[in-house]
Amino acid sequence: ENSIEKTTKTKDVEYKTQEAAYLDKEAAELSTDRSGVQAEQDAVLEYLSKMEKECTEVAETYASRKARFEAEIAGLKEALQVLDSETALLQRRSAKTTHGQR
């Protein structure tokens, strides 16, 4: 009976040692997998952060809108003034030309 008990305990130790080795190997593989997934997640989060900065619309303030519109109106007034002066020059030339031809 003593030898049977000893054999049983020896086999128990052997199986538990094999199981421990298997579990150590699995833990190492899972740790490696986790590192890879973590690196991938970090890259995705970095990309998401970049996209959010590019895509998030920031509301324009009233002051900046007003300044932009005033600058646009000033530019249009200047363009109108230039066009009016050019038109006046063209009309004077054509009046001289048509007057001289008659």
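Scope of this entry: the structure provided in the associated data block. Please read these numbers as outputs of a predicted model, since none were measured by experiment. (Residues numbered from 1 in each chain as written. Predicted model: local features only at pLDDT ≥ 70, side-chain atom pairs only at ≥ 80, totals over all residues. Heavy atoms only, no water.)

Remarks on the pattern of salt bridges
- Scanning all chains against the criterion turns up 4 salt bridges.
- The closest approach of N and O atoms between Lys11 and Glu14, which form a salt bridge, is 3.8 Å. Residue Lys11 and its partner Glu14 are located together in helix 1 (residues 2-55), separated by 3 residues, close to a single helical turn.
- What makes Lys11 partly exposed here is its relative accessible area of 38%.
- Note on Glu14: relative accessible area 36%, which makes it partly exposed.
- We note a salt bridge from Arg68 to Glu60, for which the minimum N-O separation is 3.0 Å.
- For Arg68, a relative accessible area of 40% translates into the label partly exposed. (Salt bridge = Lys/Arg side-chain N within 4 Å of Asp/Glu carboxyl O. Helix = DSSP H or I, 4+ residues; strand = E, 2+ residues; numbered from the N terminus. Buried < 20%, exposed > 50% of the residue type's maximum accessible area, 1.4 Å probe, protein only.)

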